[in-house]
Amino acid sequence: MQIWKTSALALAAAVGATSLANAQEREQMRIVGSSTVYPFASYVVEEFGATTNFPTPVIESTGSGGGLALFCDGVGVSTPDITNASRRMKVSEFDRCQENGVTDITEAKIGSDGIVIAQSADNEPLDLTREQILMAVAAEVPQDGELVDNPYTNWNEIDSSLPDREIEVLGPPSTSGTRDAFEELALEEVSVEAGYPEPYSTIRADGPYVDSGENDNLIVQRIRENQTAVGIFGYSFLAENSDTLQAAAVDGVEPTVENISQDAYPVARSLWFYVKEAHVGVVPGIDEYTSLFMDDIMIGENGLLVSEGLIPLPSAESAEWRDRVANSVPMERSDLE
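Residues numbered from 1 in each chain as written. Predicted model: local features only at pLDDT ≥ 70, side-chain atom pairs only at ≥ 80, totals over all residues. Heavy atoms only, no water.

Let us look at the nonpolar core. Counting residues in hydrophobic clusters, the biggest one holds 50 residues, and the most contacted among them are Ile117, Trp155, Phe182 and Phe233. If sequence neighbours within four positions are ignored, Ile117 has contacts with Leu128, Ile133, Phe182, Val230, Gly231, Ile232, Gln246, Ala247, Ala248, Val250 and Tyr265. Val37, Phe71, Phe94 and Leu305 belong to the second-largest nonpolar core, a separate cluster that totals 42 residues. (Core = buried A, V, L, I, M, F, W, Y, C linked by side-chain atoms within 4.5 Å. Buried < 20%, exposed > 50% of the residue type's maximum accessible area, 1.4 Å probe, protein only. Contact = heavy atoms within 4.5 Å.)

What follows is the structure, given as structure tokens:
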């Protein structure tokens, strides 16, 4: 077994070396990942293309999980150089990277974001507890000491104080970092207190929760067209559409910049990107791009991305992450445990 493992690793390294050589054929950086980070990264991509002599990078919104899967496929021209994520890399993803020869990764934390539950601005304001959100979207709910299939179809069936409206929640798919964070922060954290025997985050598939893909702008558009629906997406999309959308308070707290940055808003998370160091110096412009992204001019307290909806990190923490990226400090498995 050990001989087989050693041989497999040697073969992976040889394939990776060949693929890396082929990466020289690609002049444009390739960036994938989170739909939440996408607007911020796209801004940096455009600025990078306009102010440097490097080709404008190609960027795709694939979702956090989808981007990390592509990133960890291996080293070489067919794999991305950077992936964005609206959650931190999982240990299982780190292990897959290592197995596929992506052994040298730099991690960058760029700021924070709140996950909002938004509706049409024409509706009456909505104030939800996380337990009410859980009851609306969970596949099963506790009744009489056991879990049963979720019977709720209207909000006022959960609590009479809620509107007499059909439950229609437009949300991200399972590949999305927003979905991961929503399940953890809005569902798991309150599930035991709500009567579940253990942490629970399985989302119903019988209609009231609608998997709406990775394009948050489509969710925004559908909410504008349908006053019954509510949507789940990052704060930046709310900020961009505040004239037509409003966010529900969660546990009595509004998703404002101040509340999110101070961790007062209960459904807030961090935003990241990951750099494949094996591609640095081979695919041109990676160091220069990451340097621009991490600069105060982009993610500082008065940075350009703040006006786009990014919630900045405290200045000392931002400086620490900027130094880690500038020095290509490799991430360790223990960082994620």
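Turning our attention to the environment of Val250. Within the secondary structure layout, Val250 lies in strand S12 (residues 249-250). Once the C-alpha coordinates of Val250 and Val32 are considered, the two residues, 218 residues apart in sequence, prove to be 31 Å apart. Residue contacts for Val250: discarding those within four places in its chain leaves Ile117, Leu128, Arg130, Ile133, Tyr265, Pro266 and Val267. (Helix = DSSP H or I, 4+ residues; strand = E, 2+ residues; numbered from the N terminus.)

So, on to the domain arrangement of the chain. Per the domain assignment, the segments making up the chain are domain 1 (30-113 + 269-335) and domain 2 (114-262). Computed from C-alpha atoms alone, the centre-to-centre distance between domain 1 and domain 2 is 28 Å. Counting residues at the interface gives 19 residues for domain 1 and 19 residues for domain 2. Buried surface at the junction of domain 1 and domain 2, both sides included, amounts to about 1,400 Å², of which 54% is carbon and sulfur. (Domains from an automatic or database assignment. Buried area = accessible area lost by both parts, 1.4 Å probe.)

Where helix H3 (residues 64-71) contacts helix H4 (residues 91-99), the axes come no closer than 9 Å and their chain directions differ by 20 degrees. On the basis of the axis angle, H3 is roughly parallel to H4. On H4, the residues touching Gly65, Leu68, Ala69 and Phe71 of H3 are Glu93, Arg96 and Cys97. Of the residues that constitute the contact of H3 with H4, the class distribution is four nonpolar, one polar and two charged. (Axes fitted to C-alpha atoms, helices over the stretch in contact; angles between N-to-C directions. Parallel < 35°, antiparallel > 145°, perpendicular 65-115°, else oblique. Nonpolar A, V, L, I, M, F, W, Y, C, P; charged D, E, K, R; others polar.)

Our next topic: the confidence of the model for the chain. Residues at a pLDDT of 70 or more form 93% of the chain, whose mean pLDDT is 91. Predicted confidence is poor over residues 1-19, with pLDDT under 50, and the contacts of this stretch with residues over four places away or in other chains come to five contacts. (pLDDT = per-residue confidence, 0-100.)

A separate point is helix H5 (residues 130-137). Burial analysis of H5 places seven of its eight residues in the buried class, which makes it a mostly covered element. Buried within H5 we find Arg130, Gln132, Ile133, Leu134, Met135, Ala136 and Val137.

Turning our attention to unusual backbone geometry. Phi is positive for Asp251, close to 50 degrees, though the residue is something other than glycine. Checked against the element boundaries, Asp251 lands in the loop between S12 and helix H10 (257-261). In this structure Asp251 comes out as partly exposed when scored by relative accessible area, which is 34%. Of note, Asp263 is a non-glycine position whose phi angle comes to about 60 degrees, a positive value. Structurally, Asp263 is set in the loop between H10 and strand S13 (268-276). Residue Asp263 is classed as exposed on the basis of its relative accessible area, which comes to 64%.

With 15 residues, helix H7 (residues 177-191) should cover 21 Å at 1.5 Å per step; its first-to-last C-alpha distance of 20 Å lies within 8% of that length. Its axis deflected by about 30 degrees at Glu184, H7 carries its strongest bend there. Among all positions in H7, only Gly177, Thr178, Arg179, Asp180, Ala181, Phe182, Glu183, Leu185, Ala186, Leu187, Val190 and Ser191 are buried. Turning to H7, the residues buried within the fold contact H3, strand S4 (105-120), H5, strand S9 (209-211), strand S10 (230-234) and S13. The backbone nitrogen of Thr178 has a side-chain oxygen 3.0 Å away, supplied by the residue at the start of H7, namely Ser176. (Expected span 1.5 Å × (residues − 1). Bend = angle between axes of the 7 residues up to and from the residue. Polar contact = N/O pair within 3.5 Å; in protein donor to acceptor, adjacent residues only side chain to side chain.)

Let's shift gears to the packing of aromatic side chains. For the coordinates displayed, the defined rule picks out seven aromatic pairs. Ring plane angle 70 degrees and centroid distance 6.4 Å describe the contact between Phe233 and Phe237, whose orientation is recorded as edge-to-face. Both residues of the pair, Phe233 and Phe237, belong to the buried class. Between the aromatic rings of Trp272 and Trp321, the centroid separation amounts to 5.5 Å while the plane-to-plane angle is 85 degrees, which identifies the pairing as edge-to-face. Residue Trp272 is located in strand S13, and its partner Trp321 is located in helix H13 (residues 315-326); the two are separated by 49 residues in the primary sequence. Connected via pairs of aromatic rings, a cluster forms that spans Phe48, Phe54, Phe273, Tyr289 and Phe293. (Phe/Tyr/Trp six-rings, centres within 6.5 Å; stacked < 30°, edge-to-face > 60°.)

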